[in-house]
Amino acid sequence: MGDPCGIGPEIVASQWLADEAPGAVVVGSAEVMRRAVAALASRRAGAAGLRVWAVRAEPAPAVSSDSVVVPVWEPDGLPPALDGLPWGQVNAAAGAAAARCVREGAALVQEGKALALVTAPLHKESLSLAGETFPGHTELLQALATPAGQPLVPVRMMLANHELRTVLVSIHVSLRQALDAVTIDNVLSTVRITHQSFMKMGFERPRIAVAGLNPHAGEGGLFGDEELRVIIPALEAARAEGIDTTGPLAPDTVFMRARHAPPEHPREFDVVVAMYHDQGLIPVKYMGVAHGVNVTLGLPFVRTSPDHGTAFDLAGTGKADPSSLTEAMRVARQMAASA
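The paragraphs below set out a description of the structure included in this document. (Residues numbered from 1 in each chain as written. Predicted model: local features only at pLDDT ≥ 70, side-chain atom pairs only at ≥ 80, totals over all residues. Heavy atoms only, no water.)

## Observations concerning the packing of helix H7 (residues 184-200) against helix H8 (residues 226-240)
Part 1 of the argument: Two elements in contact, H7 and H8, have axes separated by 8 Å at closest approach and are oriented at 40°. The orientation of H7 relative to H8 falls into the category oblique. Note on packing geometry: the crossing formed by H7 with H8 is right-handed. Contact residues: H7 offers Ile184, Val187, Leu188 and Val191, while H8 offers Arg229, Val230, Pro233, Ala234, Leu235, Ala237 and Ala238.
Part 2 of the argument: Residue composition of the contact of H7 with H8, grouped by class: 10 nonpolar, no polar and one charged. (Axes fitted to C-alpha atoms, helices over the stretch in contact; angles between N-to-C directions. Helix = DSSP H or I, 4+ residues; strand = E, 2+ residues; numbered from the N terminus. Parallel < 35°, antiparallel > 145°, perpendicular 65-115°, else oblique. Left-handed = near helix turned anticlockwise from the far one by under 90°. Contact = heavy atoms within 4.5 Å. Nonpolar A, V, L, I, M, F, W, Y, C, P; charged D, E, K, R; others polar.)

Here is the structure:
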C-alpha cells in the first residue's frame with residue numbers, strides 16, 4: 001500500500017475501481033485502505049461501491065452487483081491507529097508500516113504465494129525515522145533477497161516507459177559517491193544484469209547502449225578519463241561474453257538514440273545503461289510519469305513500482321493519477337508470465 005500518509009493507498013484502491021486488479025491483493029492496513037476509499041469517493045464515480053475486506057481477520061463481505069471487493073492482507077506487527085495519521089506528513093509510524101508491508105509482500109512472493117510484487121510509493125524520511133537503515137525499496141528488497149551470511153544479491157534499478165528504458169549503475173547515493181561507484185566491476189555487473197534480465201523478458205539479443213560519465217563521453221580523455229580507464233574495459237569484457245553493447249556514448253545524445261517513437265524514430269537500442277541516478281532518470285521522467293515504471297533487475301522475483309513518490313500535497317484529496325501504478329501492474333504481470 002505504500003506510505004499510509006501518501007497517495008499510495010488511494011492509487012492502489014483506484015486499480016479495483018478501474019477493474020485493473022484481477023487476482024491482486026493489497027498488503028497493508030484495512031483501515032488505511034477504507035480511509036483511501038472514502039477519499040476517492042469524494043471525487044470518483046463508483047468509488048463508494050468499493051468494499052475493503054481484511055482477508056485474515058474478517059468473513060467475506062456481502063456484495064451487491066454495484067460493489068467491488070478490495071482484499072487486504074494485513075501483516076502481523078503493523079503499528080496501531082494508522083488511519084488516524086495526518087495526510088501528507090512525515091511520520092515514523094507510517095514509515096514502519098510501509099517497511100513492514102514491503103517485507104510481508106516480499107515474503108509472499110518468495111514463498112510462492114504470489115507471482116509478483118508491485119510497491120506503491122514510500123517516503124524515505126519516514127522510513128529513516130522508523131529506524132530503517134535502507135534508503136528505499138530497492139535496497140530493502142535486495143537485503144530481503146539475499147541469503148543469510150551471503151554477499152548482497154546484485155540488483156539494479158530500471159526506469160521505463162513506452163519510449164525509453166534506462167538502467168542505473170548506482171541508485172540512491174550522493175553525486176560524489178556515485179562518481180566513486182563508476183568502477184569496472186560495477187559497470188560490467190550492470191551490463192550483465194541488464195542483459196540477463198532482458199533475455200528473461202524475451203529479448204533474443206538485447207541491444208545495450210552505455211552512456212559515458214563525462215561530457216561528450218570524455219572526448220578521448222580531454223574532459224575526464226573514466227571512459228578510458230573504466231567504461232571501455234568493462235564493455236570490452238562484456239563483448240567478450242557475447243553481450244551486444246555499444247559505448248561509451250555521449251550522455252547528451254544517447255537517450256535520443258534509444259527513444260522509441262515510430263515510425264519517424266525507431267529506437268537504435270533497447271536500453272541505456274546510465275552512470276548515475278539523475279543522468280538516467282531525468283530523460284525518462286521528462287517524458288511524463290503517467291506511464292513510467294520502476295523495475296528492480298536482478299532480484300529472484302518480479303518487482304515493479306510507479307515512477308513517482310508519495311505526493312504528500314495530493315494525499316487524501318482523491319486527485320492522484322493512478323496511471324503509473326496501473327502500468328507497473330501490467331508490466332509485473334507481463335514479466336511474471338515470461339519468467
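## Examining the sheet that holds strand E1 (residues 26-27)
Hydrogen bonds between backbone groups are what pair the strands of a sheet, and the pairing can be parallel or antiparallel.
Part 1 of the argument: In spatial order, the strands read E1-E3-E2; together these three strands make up an open sheet with parallel pairing. Looking at strand neighbours, the two that pair on one side only are E1 and strand E2 (50-54), the edges of this open sheet.
Part 2 of the argument: Bridge count between E2 and strand E3 (residues 68-73): five bridges; the pairing is parallel. Across the sheet, the residue bridging to Ala54 is Val72, located in E3.
Part 3 of the argument: In the packing of helix H1 (residues 8-17) onto the sheet, the strands contacted are E1, E2 and E3, and the crossing angle to E3 comes to about 140°.
Part 4 of the argument: Set on the sheet, helix H2 (residues 30-41) makes contact with E1, E2 and E3; between it and E2 the angle comes to about 175°. (Pairing = 2+ DSSP bridges.)

## Looking at the pairing of strand E6 (residues 165-168)
Part 1 of the argument: Residues of E6 alternate between two faces, with Arg165 and Val167 on one and Thr166 and Leu168 on the opposite face, all of them buried.
Part 2 of the argument: The pairing of strand E5 (residues 156-160) with E6 spans three bridges and is antiparallel. Residue pairing for E6: Met158 is matched across the bridge by Val167.
Part 3 of the argument: Hairpin connection between E5 and E6: a loop of four residues separates the two successive antiparallel strands.
Part 4 of the argument: When E6 meets strand E9 (residues 271-274), the two strands line up parallel, connected through three bridges. Each residue of the ladder has a partner; that of Val167, found in E9, is Val273. (Buried < 20%, exposed > 50% of the residue type's maximum accessible area, 1.4 Å probe, protein only.)

## Remarks on the pattern of salt bridges
Part 1 of the argument: Going through the model one piece at a time under the given rule, you end up with 14 salt bridges.
Part 2 of the argument: Here Arg34 ties to Glu58 by a salt bridge, and the two come within 3.1 Å at their closest N and O atoms. Remark: Glu58 occurs in the loop between E2 and E3 and Arg34 occurs in helix H2; sequence separation between them is 24 residues.
Part 3 of the argument: Since its relative accessible area comes to 29%, Glu58 is described here as partly exposed.
Part 4 of the argument: For the salt bridge of Arg103 with Glu132, the shortest nitrogen-to-oxygen distance reads 2.8 Å. Of the two residues, Arg103 is situated in helix H3 (residues 92-110) and Glu132 in the loop between helix H4 (124-129) and helix H5 (137-144); the sequence distance between them amounts to 29 residues.
Part 5 of the argument: A relative accessible area of 19% places Glu132 in the buried class.
Part 6 of the argument: Through salt bridges that share partners, Glu31, Arg34 and Glu58 make up one connected network. (Salt bridge = Lys/Arg side-chain N within 4 Å of Asp/Glu carboxyl O.)

Spatial relationships are all this shows, so hold off on functional conclusions.
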